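# Structural overview
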Amino acid sequence: MSLVRVLYASEHGSTEDIARRIAARLAAHGHRTEVGDIKVSPRLEPGSAAVVLGSAVYGGAWLPPAEAFVRREVAALGAQPVWMFSVGLTAALPKPLRSLAARSEQPRISRLVELLRPRAHHRFSGVIRPEHLGRKGRVIFRLLFCRYGDFRNWAEIDAWADRIAREVGVPGGVRGPGAS
Ligand SMILES: Cc1cc2nc3c(=O)[nH]c(=O)nc-3n(C[C@H](O)[C@H](O)[C@H](O)COP(=O)(O)O)c2cc1C
């Protein structure tokens, strides 16, 4: 059974949980998986047949270690199918802003997607708590009518992982940005 690496960068843990859930789901489909924290292991270990790569989004960008990882490992990643996911706060926004944010371009992340040309790039909602923000951030958050909470949609995450589980090992004719 070929190995699928699920690699993540997380600041407060919500992206790590999503990465572990994706890996568990892939394992449930019979794939061999390994989960890795990019901050701890900043190189792509050899031996995988596919990679699922995700980062929390801060200031419209992936966390610096995740961005650096993509740029450093672009050649090795290009030799195997890659799926990307970003974890942000779309669901924390008030309704009128939510769909706008979901559709809006995040240029720094788009550049990574263009570089890696993953089979898919998916944006998940994560977790936002008052203690994650400074005083100014909390004021802005309130002024924008944002909500604190855990907005992870596990059914959506499972469904995405299930699609990956089905596609791993299928020759890569569908390779392309495929942002969703
Ligand atoms: C200071 C700060 C800045 C953030 N900036 C963004 C952002 O630009 N875009 C976004 O979608 N989410 C943003 N978020 C939300 C985080 O991506 C979200 O809380 C995510 O779940 C964090 O993942 P982690 O728990 O793995 O660190 C921000 C959160 C904080 C605390």
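Residues numbered from 1 in each chain as written. Predicted model: local features only at pLDDT ≥ 70, side-chain atom pairs only at ≥ 80, totals over all residues. Heavy atoms only, no water.

The name an unreviewed UniProt entry assigns to the chain is Protoporphyrinogen oxidase, from the organism Streptomyces fradiae ATCC 10745 = DSM 40063.

### So, the overall build of the chain
What counts is decided by this rule: Only DSSP runs of H or I covering at least 4 residues are called helices, and only runs of E covering at least 2 are called strands; the numbering of each starts at the N terminus. Two things to know: the radius of gyration comes from C-alpha atoms, and the globule rule equals 2.2 Å times the number of residues to the power 0.38. Buried, partly exposed and exposed residues are distinguished by accessible area as a fraction of the type maximum, computed with a 1.4 Å probe on protein chains only: under 20%, between the cut-offs, and over 50%, respectively. Any pair of residues with heavy atoms lying within 4.5 Å of one another is described as a contacting pair. Accessible areas in this description were obtained via Shrake-Rupley with a 1.4 Å probe; residue shielding takes into account the shown protein chains only. Positive charges come from Lys and Arg, negative ones from Asp and Glu, while His and the chain ends are left out of the count. Where a charge sits is defined by one atom per residue type, namely NZ (Lys), CZ (Arg), CG (Asp) or CD (Glu).
A tally of regular secondary structure across the chain gives 7 helices and 8 strands. Relative to the globule expectation of 16 Å for 180 residues, the C-alpha radius of gyration of the chain, 16 Å, shows essentially globular dimensions. For the chain, the spread of C-alpha atoms along the three principal axes comes to 50 × 30 × 30 Å. Here the chain holds 180 residues, and the buried ones make up 46% of them. In the chain, the proportion of contacts linking residues at least 24 apart, taken out of those at least 6 apart, comes to 80%. Counting only carbon and sulfur atoms, one obtains 56% of the accessible surface of the chain, whose full area is about 9200 Å². For the chain, the distance from the average site of its 27 positive side-chain charges to the average site of its 16 negative ones is 5 Å.

### A few points about the site of the ligand
Defined as follows: Whether a residue is near a molecule or strand depends on its heavy atoms: if one lies within 4 Å, it is near. Polar contacts, as counted here, are pairs of nitrogen or oxygen atoms within 3.5 Å of one another; within protein the pair requires one atom able to donate a hydrogen and one able to accept it, and residues that are adjacent in sequence qualify only if both atoms are side-chain atoms. Residues are sorted three ways: Asp, Glu, Lys and Arg are charged, Ala, Val, Leu, Ile, Met, Phe, Trp, Tyr, Cys and Pro are nonpolar, and all the rest, Gly among them, are polar.
As a structural note, the neighbourhood of the ligand is formed by 19 residues, with Ser 10, Ser 14, Val 57, Tyr 58 and Val 127 the closest of them. The backbone of Glu 11 places a nitrogen or oxygen atom 2.8 Å from an oxygen atom of the ligand. Contacts to the ligand include Gly 13, whose backbone N or O atom sits 3.3 Å from an oxygen atom. Summarising the interface, the protein chains cover 83% of the accessible area of the ligand, which totals 640 Å² for the free molecule. Residue assignment for the shell around the ligand shows that the elements contributing at least two residues are helix 1 (14-28), strand 3 (48-58), strand 5 (82-88) and strand 7 (127-128). Of all the elements, strand 3 adds the most residues to the shell around the ligand, at 3 residues. Of the residues in the shell around the ligand, the class split is 8 nonpolar, 10 polar and 1 charged.

### Some thoughts on the packing of aromatic side chains
This is how it is decided: Think of it this way: a Phe, Tyr or Trp ring, Trp meaning its six-membered ring, pairs with another when their centres are within 6.5 Å, and the plane angle makes it stacked under 30 degrees, edge-to-face over 60, tilted otherwise.
In the structure shown here, the tally under the stated rule is 4 aromatic pairs. Taking the centre distance of 6.0 Å and the plane angle of 65 degrees together, the rings of Phe 85 and Phe 124 count as edge-to-face. Placement of Phe 85 in strand 5 and of Phe 124 in strand 6 (residues 120-125) is noted, with a sequence separation of 39 residues between them. With relative accessibility at 0%, the residue Phe 85 sits in the buried group. Summarising the aromatic geometry, the rings of Phe 141 and Tyr 148 are spaced 4.5 Å apart at their centres and angled 25 degrees between planes, so their arrangement reads as stacked. Residue class for Tyr 148 comes out partly exposed when judged on its relative accessible area of 33%. One aromatic cluster is present, formed by Phe 85, Phe 124 and Trp 160 through successive ring pairs.

### A few points about the pattern of salt bridges
Applicable threshold: What makes a salt bridge here is a side-chain nitrogen of Lys or Arg within 4 Å of a carboxyl oxygen of Asp or Glu, nothing more.
Using the criterion set out here, one finds 11 salt bridges in the structure. Two residues, Glu 16 and Arg 20, come together in a salt bridge whose shortest N-O distance is 3.0 Å. One end of the pair is Glu 16 and the other is Arg 20, both in helix 1 and 4 residues apart, which spans about a single turn. Its salt-bridge partner being Glu 167, residue Arg 119 comes within 4.0 Å of it at the nearest N-O pair. Linking Arg 119 in the loop between helix 5 (107-116) and strand 6 with Glu 167 in helix 7 (residues 154-167), this pair joins segments that are 48 residues apart in sequence. Here Arg 119 falls in the buried class, since its relative accessible area comes to 8%.

### Some thoughts on the UniProt feature "domain: Flavodoxin-like" (unreviewed entry) in the chain
So the rule is basically this: UniProt positions are given in the numbering used here, feature names are shortened, and annotations may be inferred rather than shown by experiment.
Using the residue numbers shown here, the UniProt feature "domain: Flavodoxin-like" (unreviewed entry) corresponds to residues 4-165. Within the segment residues 4-165, helix and strand shares are 43% and 26% respectively, and the terminal C-alpha atoms sit 10 Å apart.

### Observations regarding the packing of helix 1 against helix 7
Rules: Orientation is described by axes fitted as lines to C-alpha atoms, over the contacting stretch for helices, and by angles from 0 to 180 degrees between their N-to-C directions. Angles below 35 degrees are treated as roughly parallel, those above 145 as roughly antiparallel, those between 65 and 115 as roughly perpendicular, and all remaining angles as oblique. Definitions for this section: a left-handed crossing has its near helix turned counterclockwise from the far helix by less than a right angle. A right-handed crossing has that turn clockwise.
The interhelical angle for the contact between helix 1 and helix 7, taken along N-to-C directions, is 45 degrees, at an axis separation of 9 Å. It follows from the interaxial angle that helix 1 and helix 7 lie oblique. Considering how the two elements wind past one another, helix 1 and helix 7 form a crossing that is right-handed. Contacts between helix 1 and helix 7 involve Asp 17, Ile 18, Arg 21, Ile 22, Arg 25 and Leu 26 from the former and Trp 154, Ile 157, Asp 158, Trp 160, Ala 161, Asp 162, Ile 164 and Ala 165 from the latter.

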